[in-house]
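Here is how the chains run, residue by residue.
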Amino acid sequence: MKPEDQKRLLREMIFYRRFEDRCFEAYMERKVGGFLHLYSGQEAVATGVLEQAKTGHDYVITGYRDHVHALKSGAPAREVMAELYGKETGSSKGRGGSMHIFDPTANFMGGYALVGQPFPLAAGLALGAKHRGEGQIAICFLGDGANNQGTFHETMNMASVWNLPVLFVCENNEYAIGTHIDRSTAVRDQYKRVCGYNMEASQHDGMDIDTVMEAAAKAIDYVRGKSKPYFIEFMTYRFRGHSMSDAKSYRTKEEEAEWEKRDPIKVYSRRLKKAGIISDADIKAMEKEIDDEIENDIIKFAEESPEPKIEDLTRYVLDDNPDPRWIGPLVNEGE
Amino acid sequence: MAETAYWEAIRRAHDEEMTNDKMVIAMGEDIGVAGGTYKATSGLFDKYGPERIIDTPISENSYTGIGIGASMVGMRPIIEIMSINFALLALDTIINAAAKIRYMSGGRIACPVVIRTPGGTAHQLAAQHSARLARMFMSTAGLRVVTPRGPVDAYGMLKSAVRCNDPVIIIEHERMYNMKEEMPDEEFFRPLEGAEIVRHGTDITLIGYNYNVHLCLGAADKLAKDGISAEVLDLRSLKPLDRETIRRSVEKTHRVVIAEEDEAPVGVGAEIMAAINEDCFFALDAQPIRVHAADVPVPYNARLEKEAIPDVEDVYQGALKALGKI
């Protein structure tokens, strides 16, 4: 990989971290409502996997911790922030919020709050892609907790039987909300769970973006080349709580400190510094530039954007311009 | 014109729509090689192959979700769920996904998926195969819910449902698949919206949907012998509901009976009564009457089963009550 691409990737991860730190601030300021689930600690997974995908062409879908997946897929940061602010200019016109970012122009097919629901939807995106034959694959990011839903087993089975081009990315952060994997799940290694469905699977370090990219490239080639599903597991850690109301009482400070040593941004910046690709001063400058962009462009856009109109409350429930040939209404004769 | 059975009408709609648009696919348990529990896709596997007539495993929630996901990227899936009881397993993907994706995405992503499923009691299938559940889908924003009463609507509404850009739930009925009706040979479409006056009358309005429209028609025949002119209204679409046609009919007849095969609480009849109260309360000459199932899980025993669900006589008696004759 070229040094400028390595620098870009580091910048992207720092951007995602600081973007979400700013989301946190906006939440504390009550500018953002609802639930807010942050991705801090797991950045190398979405960044590394989607670096190897054809973003904008391949379909991407995930759960409710969806900001970074949307951004890396190509959703404009202004629109993602505006969505959190509930504004008309948001990715989902303020109708979805943090958990439901959608950007079909980037083929980012959404964030979903029902744990495990994206499994079948992803397989459906892959079925559509396969049917159209335009070489797209579907990539589904979900946490280890989702694997205890029935949809996991049902979908792994069908994806395998029907040879659907879908990459299932399991971000194993060891906690299903506040319950540790050892207390909820019979096996800690999630990739082992799909062997019953005759599916290729592997497990990798999710805190090191180089490892993620190398493994993802192989998996994506496999899915695209063979038109078959693949299950890839990354061991990672969520630095913040599940959502804003989470005091993290279920884990120890020592455990958190151990994982923080493996912060994907620190790991990667150390590597680039050691290789002489970047300096501390470069990183400082990068951070300042990012903060300026977030504050003076992204937040400004979100703050200044208009709210949805009250009279538009009932738009988008059904097709707002249906074809009367199919919809009617029916005319009763002889009335 | 040819006499066509309900199942043949559905099969013809599948066939024509699949020929017309290669993005149309069908999915469901046993619909391919086995030809479908109700024969609604029989012969189509040989014609369109396994990529378009997809036999699914018994995984209702996820194969429905796969159809919904495919619909988000341009496919037009027609999903068969063998019994509406099994649709309960798919409620997450139907209600939490299909019904909400257009709205949650600010109108940016549509889910043009069609879900066909039979609801209703039939020949002693007992409690876990006899649910109706129309009320549950009817109360969900983001869905269209239609209830074709015969082959003409079963064909024409399925064709419209495939082309419409919204998720459409088509509730069929076990006891209707062999019902026959004269049907034009030329292609036609039936609108998804709008109640239909299937028999004009002046003294009382009998409102039904799905199979129970036929109970209303039977009751209207009996009432005619008593010299009473009954108007029969087929709702056709439970969501959206054509309140305007209901209002006009009630303003004409001033009396109304609603026949539903489901249990009464929080049901279709309750919703129609609420609509009548809100829209034309002062047009009523008597309280509206609901004719409905007993509030029990549907029993196996044939006599008990018959007792649990409404029949022509029940609708007739309901009409006499609304007319102040009993």
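Residues numbered from 1 in each chain as written. Chains lettered and ligands numbered in written order. Predicted model: local features only at pLDDT ≥ 70, side-chain atom pairs only at ≥ 80, totals over all residues.

Novice: I tried to follow the pairing of strand E4 (residues 76–80) of chain B on my own but got confused; where do I start?
Specialist: One face of the sheet, then the other: side chains in a regular strand alternate in exactly this way. All names here are of chain B. Counting buried residues in E4 gives 5 out of 5 residues, a clear majority hidden from the surface. Both faces of E4 are covered, namely the face carrying Arg76, Ile78 and Glu80 and the face carrying Pro77 and Ile79. Inspection of the sheet shows strand E2 (residues 24–28) paired to E4 by 5 bridges, in the parallel sense. Looking at the pairing, valine 24 lines up with arginine 76 of E4. By the bridge criterion, 3 bridges tie E4 to strand E5 (residues 114–118) in an arrangement that is parallel. Each bridged residue has a counterpart across the sheet, and for glutamate 80 the counterpart in E5 is arginine 116. (Buried ≥ 20, exposed ≤ 12 C-beta atoms within 10 Å, placed from the backbone. Helix = DSSP H or I, 4+ residues; strand = E, 2+ residues; numbered from the N terminus. Pairing = 2+ DSSP bridges.)

Novice: Please clarify how the nonpolar core should be interpreted in this entry.
Specialist: Side chains of nonpolar character tend, in soluble globular proteins, to be buried together. In terms of nonpolar packing, the biggest core is built from 190 residues, with Val166 of chain A together with Leu206 and Val257 of chain B touching the most fellow members. Two domains each provide a minimum of three residues to this core, namely domain 1 (2–183) and domain 2 (196–322) of chain B. Other than its neighbours up to four places away in sequence, leucine 206 of chain B contacts Cys216, Ala219, Ala220, Ala230, Val232, Val257, Ala259, Val315 and Ala319 of chain B. (Core = buried A, V, L, I, M, F, W, Y, C linked by C-beta atoms within 7 Å. Domains from an automatic or database assignment. Contact = placed C-beta atoms within 7 Å.)

Novice: Can you walk me through helix H3 (residues 60–71) of chain B in this structure?
Specialist: In an α-helix, one turn spans 3.6 residues, which is why side chains three or four residues apart end up on the same side. Residues and elements named next belong to chain B. Look at H3: 16 Å from first C-alpha to last across 12 residues, which is about the 16 Å you get at 1.5 Å a residue. Burial analysis of H3 places 12 of its 12 residues in the buried class, the great majority of the element. For H3, every residue scored as buried is listed here: Glu60, Asn61, Ser62, Tyr63, Thr64, Gly65, Ile66, Gly67, Ile68, Gly69, Ala70 and Ser71. (Expected span 1.5 Å × (residues − 1).)

Novice: When you look at the packing of helix H1 (residues 3–28) of chain A against helix H2 (residues 43–52) of chain A in this model, what are you seeing that I'm missing?
Specialist: Each packed pair of helices is defined by two parameters, the angle between the axes and the distance between the axes. All names here are of chain A. Packing of H1 against H2 leaves a shortest axis separation of 10 Å and a crossing angle of 135 degrees. Comparing their axes, H2 and H1 come out oblique. For the crossing formed where H1 meets H2, the hand is right-handed. Across the interface between the two elements, Leu9, Glu12, Met13, Tyr16 and Arg17 of H1 pack against Glu43, Ala44, Thr47 and Glu51 of H2. Looking at the contact of H1 with H2, its residues break down into 4 nonpolar, 1 polar and 4 charged. (Axes fitted to C-alpha atoms, helices over the stretch in contact; angles between N-to-C directions. Parallel < 35°, antiparallel > 145°, perpendicular 65-115°, else oblique. Left-handed = near helix turned anticlockwise from the far one by under 90°. Nonpolar A, V, L, I, M, F, W, Y, C, P; charged D, E, K, R; others polar.)

Novice: Got a minute to help me understand the interface of chain B and chain A in this structure?
Specialist: Between chain B and chain A, the residue contacts involve 47 residues of the former and 46 residues of the latter. Elements with a minimum of two residues in the side of chain B that touches chain A: H3, helix H5 (91–104), helix H7 (151–163) and strand E9 (196–199) of chain B. With 9 residues, H3 of chain B is the single largest residue contributor to the side of chain B that touches chain A. Here the side of chain B that touches chain A is composed, by residue class, of 20 nonpolar, 18 polar and 9 charged.

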